[in-house]
Amino acid sequence: MAAERRQLFPLGQVVATPDALAALEEANESALPLLSRHQHGDWGDLCDEDRQLNDEAVKDGSRILSSYVLEATAQKVWIITEADRSSTTILLPQNY
């Protein structure tokens, strides 16, 4: 049996922009698997430097950014957890 992965940080209140919700619906994807990947340290489609910044942010309490590409539409979706861990936002890059 595989070991269960540990959640690295709390998400706080999860919110999403209307554009992100529309993109997820168009791709017929749920946000839940993406949120799980984010919370477990799978940062998605990021460069090595941004991955390293996220790894440090888990330890020092900085903001965390993940980037995922929706398979059906190739639309990029960002998930950002604020430094105080009070909230996590699902958005499209153009909403930033």
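Figured I'd write up the structure that's included with this text. The residue count restarts for each chain, going from 1 along the sequence in the order it is written. Where local features are concerned, this predicted model is filtered to residues with pLDDT of at least 70; where side-chain atom pairs are given and counted, the filter is 80 or more; whole-chain, interface and lining totals use all residues. To obtain the side-chain values, all non-hydrogen atoms of the structure were included, while hydrogens and water were left out.

1. Things to note about helix α2 (residues 31–39)
Defined as follows: Accessibility here uses a 1.4 Å probe with only protein chains present; expressed as a share of the type maximum, an area under 20% marks a residue as buried, one over 50% as exposed, and anything in between as partly exposed. Each helix corresponds to a stretch of at least 4 residues labelled H or I by DSSP, and each strand to a stretch of at least 2 residues labelled E; elements are numbered beginning at the N terminus. Here the arc refers to the set of directions running from the helix axis out to each C-beta atom. What makes two residues a contact is simply this: any of their non-hydrogen atoms within 4.5 Å. For this analysis, a polar contact is any N or O atom pair within 3.5 Å, provided that within protein one partner can donate a hydrogen and the other can accept it, and provided that sequence-adjacent residues contribute only side-chain to side-chain pairs.
The complete set of buried residues in α2 reads Ala-31, Leu-34, Leu-35, His-38 and Gln-39. On an axial view of α2, the arc spanned by its buried residues comes to 130 degrees, and they lie on one face. Structurally, α2 contributes buried residues whose contacts are with β1 (13–16), α1 (18–26), β2 (64–69), β3 (76–81) and β4 (87–91). For α2, the capping residue at the N-terminal end is Ser-30, with a side-chain oxygen 3.1 Å from the backbone nitrogen of Leu-32. Downstream of α2 by one or two residues, Gly-41 has phi in the positive range, about 90 degrees.

2. Some words on the layout of surface pockets
Going by this rule: Two kinds of site are reported from a 1 Å grid over the protein atoms alone, namely cavities, where a 1.4 Å probe fits but cannot get out, and pockets, open sets with protein on both sides within 12 Å along at least five of seven lines, and residues are called lining when an atom falls within 4 Å of a point. Grid points are joined across faces, edges and corners, and a volume is the space filled by probe spheres set on the points. In this count, Pro and Cys sit with the nonpolar residues alongside Ala, Val, Leu, Ile, Met, Phe, Trp and Tyr, while Asp, Glu, Lys and Arg are called charged and the others, Gly among them, polar.
What the largest pocket holds in volume is close to 160 Å³. What lines the largest pocket is Leu-46, Asp-50, Leu-53, Asn-54, Glu-56, Ala-57, Asp-60, Ser-62, Arg-63, Ile-64 and Leu-65. Those elements that provide at least two residues to the lining of the largest pocket are α3 (48–60) and β2. The element contributing the most residues to the lining of the largest pocket is α3, with six residues. Taken together, the residues that form the lining of the largest pocket break down as five nonpolar, two polar and four charged.

These figures capture arrangement, not role.
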